[in-house]
Amino acid sequence: MEDHKKKILIRIGSLRHGGAEKVLVTFLKNLPKDKYEIDLLLNLYSGKYLTDVPGWVNVMYLNRGEMITTNRPKDIPKKIYRVVYQQLLKKYPKILYKRKLKNKVYDIEFAAIHGFMDEVLNSPLKSSKKLMWIHNDLTEVSGYTAEKIRHFFRYDKVMVISEKIEQTFLELAKTETEKQKIVRIYNPLDTTEILAKSEAGSPKSEDLQPVFISVGTVFPQKGFDRLLEVHKRLLDEGFQHKVLIVGDGYDFENVKKLKTELGVDKTATMLGFTDNPYPYFKAADFYILSSRYEGFPTVLFEAITLKKNIIATDVSGVAEMLENGKLGLITENSEDGIYHGMKQALTNPEHFKTYQDNLQHYEMPFDLKNSVDKIMEIIDNL
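So, here's what we can say about the structure.

Cut-off values and rules
Residues numbered from 1 in each chain as written. Predicted model: local features only at pLDDT ≥ 70, side-chain atom pairs only at ≥ 80, totals over all residues. Heavy atoms only, no water. Salt bridge = Lys/Arg side-chain N within 4 Å of Asp/Glu carboxyl O. Helix = DSSP H or I, 4+ residues; strand = E, 2+ residues; numbered from the N terminus. Buried < 20%, exposed > 50% of the residue type's maximum accessible area, 1.4 Å probe, protein only. Pairing = 2+ DSSP bridges. Axes fitted to C-alpha atoms, helices over the stretch in contact; angles between N-to-C directions.

**A closer look at the pattern of salt bridges**
Per the stated rule, a full pass over the model turns up 23 salt bridges. In this structure, the salt-bridge partner of Glu-119 is Lys-90, at a minimum N-O distance of 3.9 Å. One end of the pair, Glu-119, is in helix α4 (residues 117-121); the other, Lys-90, is in helix α2 (residues 76-91), and 29 residues separate them in sequence. Taking relative accessible area as the criterion, Lys-90 reaches 30% and is therefore assigned partly exposed. For Asp-236, the salt bridge identified is with Lys-232, shortest N-O distance 3.3 Å. Within this pair, Asp-236 and its partner Lys-232 are both found in helix α9 (residues 224-236), separated by four residues, close to a single helical turn. Residue Lys-232 is classed as partly exposed on the basis of its relative accessible area, which comes to 26%. What emerges from the salt-bridge pattern is a single network uniting Glu-163, Glu-166, Arg-184 and Glu-320.

**Regarding the sheet that holds strand β10 (residues 268-272)**
Hydrogen bonds between backbone atoms are what pair the strands of a sheet, whose relative direction is either parallel or antiparallel. Spatial strand order, β10-β9-β8-β11-β12-β13: six strands in an open sheet with parallel pairing. Each edge of the sheet is formed by a strand with only one pairing partner; in this case those strands are β10 and β13 (329-331). Put simply, the sheet's adjacent strands are angled 20 degrees from each other on average, direction ignored. Bridge analysis of strand β12 (residues 309-313) against β13 gives three bridges, and the strand direction is parallel. Its bridge partner being in β13, Ile-311 is matched across the sheet by Leu-329.

So, in structure tokens, the structure goes:
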């Protein structure tokens, strides 16, 4: 039976706390272990999801240790070494495949995020099928011109996670064959686990002020700077409330500094990374998505699962997930948009009652098993 297992190489940067990383690990956890032989190759052996990878998946790495997000003099040599080493293996993939991968022949090479487009396309294995998983609206990502996005058609299959991303690719496709390479799949998400974790010692709010929570990796895409600017603006207008940001990332210190500069340290909290954000979700009054761009923000499905009052900027995936505003308030994708959304919540909270009524009767448009089965079907047919 061993010989019939498909051999798969999966590439991703690390297993830090991002949506794409979480989705990949959820997928792996729900695969039958006797069906595939999987090597998961990380650029950096790091991240909270490492411990969740099933034991039968062979985890490999180019470097190990935590991600270096600062430029402290003592960290610079290690940072340079990692970058140079990874760039070298990207430029000369034969070295990687010969030494690290020991000349193993794979049936499928799978880029779990768009940033690994070139690594997989430049593989010396010409016989392997190439699979791509895109989690972001690339039209909003710096450097991704229409011409560059078209490079993804070199893959045998491209999995996308929202209607908007699917539409982008279908418009750029020049042939029917290219169109058939694009397949939309909802992210595998374990709603049972989310509900169970939310019950784990829910933190009680100490005061009666409304609390807005936002969860995500702290980098510019997520717009936490905009959220804090709006928070300050509303406080100055006399609207008492609190903001809680849960997550970590390379922009953490910058956003924290902005929080101090705005003078909102007493009302805005940056919790950093936590293994279980769901009790904080549950205790908050509103979930706010302040992102500048997204693909299909998984965190909104978590907010929907926990029946939260939702305010979200109009980025890719939001209209689709919130059913064009039936399940939450969609605002303009700007600081003003966030301001008007939060002000609405503070001045007219009863406006959210309709969303709550709709959320109570809402059924997810997918389940975990369907998503995993659909991805397996793609893998089996490649």
